[in-house]
Amino acid sequence: MTQAEPLVEIWRGPLCESAHAGHVVVCDAGGAIVEAWGDPDQVIFPRSSCKMLQALPLIHSGAAAARGLGPAHLALACASHEGAALHRVAVEAWLGDLGLGEPDLRCGVQAPSDVAERDALIRAKVGACQVHNNCSGKHAGFLTLSQHLGGDAEYLDIAHPVQRMARNAFEEATGADSAFWATDGCSAPNFSTTVHGLARAMGRFAGATDTTTEGRAMVALREAMMTHPDLVAGEGRACTELMRAAPGVAVKTGAEGVYVAIIPERRLGIALKITDGTTRAAEAVITRLLIRLGLLDAAHPAAQKRLGPIRNWRGIQTGHIAASAALG
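Below is a short write-up of the structure. Residues take numbers from 1 onward in each chain, read along the sequence in its written order. Two thresholds apply to this predicted model, a pLDDT of at least 70 for residue-level local features and 80 or more for giving and counting side-chain atom pairs, whereas whole-chain, interface and lining totals are computed over all residues. Side-chain metrics rest on all non-hydrogen atoms present in the structure, leaving aside hydrogens and water.

**What about the overall build of the chain?**
Argument step 1. Only DSSP runs of H or I reaching four residues or more are called helices, and only runs of E reaching two or more are called strands; each is numbered from the N terminus. Across its full length, the chain carries 14 helices and 12 strands.
Argument step 2. Its C-alpha radius of gyration of 19 Å places the chain within 12% of the 20 Å reference for a compact globule of 328 residues.
Argument step 3. Its C-alpha atoms put the chain at 60 × 50 × 30 Å along the principal axes.
Argument step 4. In this scheme, a residue with accessible area under 20% of its type's maximum is buried, one over 50% is exposed, and one in between is partly exposed, where area comes from a 1.4 Å probe on protein chains only. Counting only residues that meet the buried cut, the chain has 52% of its 328 residues in that class.
Argument step 5. Long-range pairs, those at least 24 residues apart, make up 62% of the contacts in the chain between residues at least 6 apart in sequence.
Argument step 6. Here the Shrake-Rupley method, with its probe set to 1.4 Å, supplies the accessible areas, and only the displayed protein chains count as covering residues. Carbon together with sulfur atoms contributes 53% to the accessible area of the chain, which is approximately 13200 Å² in total.
Argument step 7. The positive count covers Lys and Arg only, the negative count covers Asp and Glu only, and His and the chain ends enter neither. We put the charge of a Lys on NZ, of an Arg on CZ, of an Asp on CG and of a Glu on CD. Counting 29 positive and 33 negative side-chain charges, the chain places the centres of these two groups 4 Å from one another. We compute the radius of gyration from the C-alpha atoms alone; for a globule the expected value is 2.2 Å times N to the 0.38, where N is the number of residues. Contacts between residues were defined by any pair of non-hydrogen atoms, one from each residue, lying within 4.5 Å.

**Here's the deal with the packing of aromatic side chains**
Argument step 1. Here is the rule: rings of Phe, Tyr and Trp (six-membered ring for Trp) pair when centre to centre is within 6.5 Å. Planes less than 30 degrees apart are stacked, more than 60 are edge-to-face, and the remainder are tilted. Throughout the structure, instances matching the rule amount to three aromatic pairs.
Argument step 2. Each ring, one from Phe-45 and one from Phe-180, has its centre 5.6 Å from the other, and the planes form 80°; the classification is edge-to-face. Taken together, the residues Phe-45 in the loop between strand S4 (43–44) and helix H1 (51–54) and Phe-180 in the loop between helix H8 (161–174) and strand S5 (181–183) connect sequence positions 135 residues apart.
Argument step 3. Assessed through its relative accessible area of 28%, Phe-45 is described here as partly exposed.

**Considering unusual backbone geometry**
Argument step 1. The phi angle at Ser-187 is positive, at roughly 80°, despite the residue not being glycine.
Argument step 2. By secondary structure assignment, the location of Ser-187 is in the loop between S5 and strand S6 (189–191).
Argument step 3. Even without being glycine, Glu-256 reaches a positive phi, approximately 60°.
Argument step 4. For Glu-256, the position within the fold is in the loop between strand S8 (250–254) and strand S9 (258–263).

**Looking at the packing of H8 against helix H9 (residues 195–207)**
Argument step 1. At their nearest, the axes of H8 and H9 sit 7 Å apart, and the two run at 90° to each other. By the angle between their directions, the pair H8 and H9 is classed as roughly perpendicular. Two secondary-structure elements touch here, H8 through Glu-172, Ala-173 and Thr-174 and H9 through Gly-197, Leu-198, Arg-200, Ala-201 and Arg-204.
Argument step 2. Nonpolar residues are Ala, Val, Leu, Ile, Met, Phe, Trp, Tyr, Cys and Pro. Charged residues are Asp, Glu, Lys and Arg, and all others, Gly as well, are polar. Grouping the constituent residues of the contact of H8 with H9 by class yields three nonpolar, two polar and three charged. Between N-to-C directions, angles span 0 to 180 degrees; the directions come from axes that are lines fitted to C-alpha atoms, helices contributing only their stretch in contact. For this classification, under 35 degrees means roughly parallel, over 145 means roughly antiparallel, 65 to 115 means roughly perpendicular, and everything else is oblique.

**Some thoughts on the side chain of Ser-48**
Argument step 1. As for its position among the elements, Ser-48 is in the loop between S4 and H1.
Argument step 2. Apart from residues lying up to four places away in sequence, Ser-48 is in contact with Ser-80, Cys-135, Asp-184, Lys-252, Thr-253, Gly-254 and Ala-255.

**Details of the pattern of salt bridges**
Argument step 1. The rule for a salt bridge is simple: a side-chain nitrogen of Lys or Arg has to be within 4 Å of a carboxyl oxygen of Asp or Glu. This model, assessed by the stated rule, comprises 14 salt bridges.
Argument step 2. In this structure, Arg-222 engages Glu-223 in a salt bridge whose closest nitrogen and oxygen atoms are separated by 3.8 Å.
Argument step 3. What makes Arg-222 buried here is its relative accessible area of 9%.
Argument step 4. One salt-bridge network, in which partners are shared between bridges, spans Glu-241, Glu-283, Lys-305 and Arg-306.

**Some words on the layout of surface pockets**
Argument step 1. A 1.4 Å probe that fits into a set of points on a 1 Å grid over the protein atoms alone but cannot get out defines a cavity; an open set with protein on both sides within 12 Å along at least five of seven lines defines a pocket, and lining residues are those with an atom within 4 Å of a point. Grid points are joined across faces, edges and corners, and a volume is the space filled by probe spheres set on the points. Of the voids in this model, the largest pocket is the one considered here, and its volume is about 430 Å³.
Argument step 2. In this structure, the largest pocket is lined by 27 residues; those nearest its centre are Ser-80, Asn-134, Arg-237, Thr-253 and Ala-255.
Argument step 3. Within the residue set of the lining of the largest pocket, elements represented by two or more residues are helix H12 (238–245), S8 and helix H13 (279–292).
Argument step 4. For the lining of the largest pocket, a count of residues per class yields nine nonpolar, 13 polar and five charged.

**A word on the pairing of strand S3 (residues 33–37)**
Argument step 1. Paired strands, as defined in this entry, are two strands with at least two bridges between them according to DSSP. Taken together, the four bridges between strand S2 (residues 15–28) and S3 define a ladder with antiparallel strand orientation. By the bridge assignment, Val-25 is partnered in S3 with Ala-36.
Argument step 2. Once S2 ends, the chain turns through four residues before running back antiparallel as S3, passing Gly-31 with a positive phi of about 95°.

**Brief notes about the nonpolar core**
Argument step 1. Membership of the largest hydrophobic core comes to 98 residues, with the highest contact counts inside it found for Met-52, Leu-53, Val-251, Leu-272 and Val-285.
Argument step 2. Per element, the largest residue contribution to this core is eight residues, and it comes from H13.
Argument step 3. The contact partners of Met-52, leaving out residues within four places of it in the chain, are Cys-78, Met-202, Phe-205, Leu-221, Met-225, Lys-252, Val-260 and Ile-262. Buried residues of nine kinds, namely Ala, Val, Leu, Ile, Met, Phe, Trp, Tyr and Cys, make up a nonpolar core once their side-chain atoms join them within 4.5 Å.

**Notes on H12**
Argument step 1. Burial within H12 is extensive, with seven of its eight residues counted as buried.
Argument step 2. Looking at the buried positions of H12, the neighbouring elements they touch are helix H10 (213–227), helix H11 (229–232), S8, S9, H13 and helix H14 (301–306).

**Here we look at the packing of H9 against H10**
Argument step 1. With their axes 8 Å apart at the nearest point, H9 and H10 run at an angle of 95° to one another. One finds that H9 runs roughly perpendicular with respect to H10. The residues of H10 that touch H9, namely those facing Arg-204, Phe-205, Ala-206 and Gly-207, are Glu-214, Met-218, Leu-221 and Arg-222.
Argument step 2. Partitioning the contact of H9 with H10 into residue classes produces four nonpolar, one polar and three charged.

**Description of the environment of Leu-100**
Argument step 1. Tracing the backbone through its elements, the reader meets Leu-100 in the loop between helix H5 (85–97) and helix H6 (115–124).
Argument step 2. Overall, Leu-100 belongs to the partly exposed group, its relative accessible area being 24%.
Argument step 3. A C-alpha to C-alpha distance of 9.5 Å links Leu-100 and Ala-140, two positions 40 residues apart in sequence.
Argument step 4. Residue contacts for Leu-100: discarding those within four places in its chain leaves Leu-95, Leu-143 and Gln-147.

Given below as structure tokens:
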């Protein structure tokens, strides 16, 4: 097995204070490895980076069409949003259209990371609810599919038709059976794969066309993400800022240092895993790869924020985040 490769360095003055290693795979639309660092066969949980795979059955089944779901709904189904008013209102409306409400969600209560929404709750002396959960859009998609299939309320059960379809879609897109699964932060099953498998899936999304049922679903989801980057994450978040800075690219984060990118123009997919689970390192690597591919200007504020100067609370530069020489 190939070991994780050093990918990111955190410098303070003249000292490399921290370093982060990981695994990266770039795949073409056919699933072949174009470039790799570390071990392509490293088994991981993709966490929220695979939400577009979990959303495929929503379209394949006909549920999205039957409910008249548009690009905004599909973007929310792929989102790890910050619980801003924009996200809360959209998910509440979606649930209302289904004749459902917040109690029907099974993602759990999560305080919003959006400052304005958090402060509004404090002023109103109201607690957060499940709609604020960063995965509430994905769960609204699950509920839509469950309703379409006539499933029961416990749509997260591994034996539920929704999760059986999610697993099948996941394994088909990654090109391999999932060896095992575990429970994600939002209580949904998260299926294991390799870094190569995840990159292979992203490559398939990148190369998809609307000539097949599967292709139409992949195109619809990637286009929804690129059209509504504000719904996928939120203001100040890496996914939103990078998609705005690199038009035509869809990127998605996952917990514990996972990141993916879908690049239709190049018919390339990227997946990466930082072994110590650090988000800042994952953001730095995906930023560097987009710059390396000529898709993102290194001087853009969204790039500099993730791969550039580090400043303290007084605005004094104390160091910088740099990609390792291995990434070019």
